Amino acid sequence: MLHRNGTDRLWVRWLLDSRRTRDRMTGKDVRAETLDALRLLAPLVSFNGDGRPARADLAESLARQRVSIEIPREILEVERTDMGLAREWREATRWAFTEAIASGFYVAEFCRSIRGQQGPGAYLLERGGMGELIGP
C-alpha cells in the first residue's frame, strides 16, 4: 500500500530560462560548492545514532542563513519495515519544512550524498528570495 503514512509534497517550479539554468548548461555550475556547504551545516533534522530523526534547536537553526533537512534514502522501505519510525520521520520533516519556509527560507538544492557518503538525502534551504537564486 503506497504512502500508508501520509505524504507531504513541495511544489516545484522549474525556471528553464533563468540565469541559474543557463549557467549550469554552459558549465558555470556552482552546485558543487553549494553541496559542499551541506557538510558544514548542522541540520534542522538529522539522523541520530539509531536511525531516528533528531531535531535541532529551532531558534538557533533559523537564525542562520542556510539550513539543511536530512531525509531517509527510501521512506517506502522504512514504512514497510517500521511504520512507527516512518511516522517519526514524516512528522520531523514536516515540522522542519513548515518552520523554515514560514521563516523565509526556500529550497535551493537537494542531494543524495551528505558528509561524503552516499545514502540519505538532504535538502539545502537558504534564507531570501528566489530572485537571488535565479536572477534575470
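Conventions adopted
Residues numbered from 1 in each chain as written. Predicted model: local features only at pLDDT ≥ 70, side-chain atom pairs only at ≥ 80, totals over all residues. Heavy atoms only, no water. Helix = DSSP H or I, 4+ residues; strand = E, 2+ residues; numbered from the N terminus. Buried < 20%, exposed > 50% of the residue type's maximum accessible area, 1.4 Å probe, protein only. Contact = heavy atoms within 4.5 Å. Areas by Shrake-Rupley, 256 points an atom, 1.4 Å probe, with all protein chains shown as cover. pLDDT = per-residue confidence, 0-100. Phe/Tyr/Trp six-rings, centres within 6.5 Å; stacked < 30°, edge-to-face > 60°. Core = buried A, V, L, I, M, F, W, Y, C linked by side-chain atoms within 4.5 Å. Salt bridge = Lys/Arg side-chain N within 4 Å of Asp/Glu carboxyl O. Expected span 1.5 Å × (residues − 1).

1. Details of the overall build of the chain
Along the backbone of the chain there are six helices and five strands. Reading the chain from its N end, one meets helices and strands in the order α-α-β-β-α-β-α-α-β-β-α. Relative to its 136 residues, the chain shows a buried fraction of 36%. Counting contacts in the chain only where the partners sit at least 6 residues apart, residues at least 24 apart contribute 67% of the total. Entry remark: accessible area of the chain is about 8500 Å², with carbon and sulfur atoms responsible for 53%.

2. Topic: the confidence of the model for the chain
The predicted model of the chain has a mean per-residue pLDDT of 80, with 74% of residues at 70 or higher. Per-element confidence in the chain ranges from a low mean pLDDT of 58 for helix α6 (residues 130-134) to a high of 95 for strand β2 (residues 53-55).

3. Concerning the packing of aromatic side chains
A complete count under the given rule lists three aromatic pairs for this structure. Between Phe47 and Trp89, the ring centres sit 4.4 Å apart and the planes meet at 45 degrees, which makes this aromatic pair tilted. Separated by 42 residues along the polypeptide, Phe47 in strand β1 (residues 45-47) and Trp89 in helix α5 (residues 83-102) bring together distant segments of the chain. For Trp89, a relative accessible area of 2% corresponds to the buried category. Judged by centre distance (5.0 Å) and plane angle (85 degrees), the rings of Phe97 and Tyr123 are edge-to-face. Of this pair, Phe97 sits in helix α5 while Tyr123 sits in strand β5 (residues 117-127), placing them 26 residues apart in sequence. Each member of the pair, Phe97 as well as Tyr123, carries the same accessibility label: buried. An aromatic cluster is present here, built from Phe97, Phe110 and Tyr123 joined pairwise through their rings.

4. Quick notes on the nonpolar core
Judged by nonpolar contacts, the single largest core of 19 residues is most densely connected at Leu44, Val45, Ile69, Ala96, Ala100, Phe105 and Leu125. Only β3 (66-71), α5 and β5 provide two or more residues apiece to this core. Beyond its immediate chain neighbours, meaning those up to four positions away, Ile69 contacts Leu44, Val45, Thr93, Ala96, Phe97, Gly121, Ala122, Tyr123 and Leu125. Core analysis: the second largest hydrophobic core is formed by five residues, Leu41, Cys111, Ala122 and Leu124 among them.

5. As for the pattern of salt bridges
One pass over the structure, following the stated rule, counts five salt bridges. In this structure, Glu88 engages Arg52 in a salt bridge whose closest nitrogen and oxygen atoms are separated by 2.8 Å. In this pair, Glu88 is assigned in helix α5 and Arg52 in the loop between β1 and β2, connecting sequence segments 36 residues apart. With a relative accessible area of 28%, Glu88 lands in the partly exposed category.

6. What to know about α5
Taking 1.5 Å as the rise per residue, α5 with 20 residues should run 28 Å; its terminal C-alpha atoms sit 28 Å apart, in good agreement. Every buried residue of α5 is listed here: Met83, Leu85, Ala86, Trp89, Arg90, Ala92, Thr93, Trp95, Ala96, Phe97 and Ala100. One or two positions beyond α5, positive phi appears at Gly104, with a value near 100 degrees.

7. Some points on the environment of Glu91
Within the secondary structure, Glu91 is located in helix α5. Along the chain, Glu91 and Pro53 lie 38 residues apart, while their C-alpha atoms are 9.4 Å from each other.

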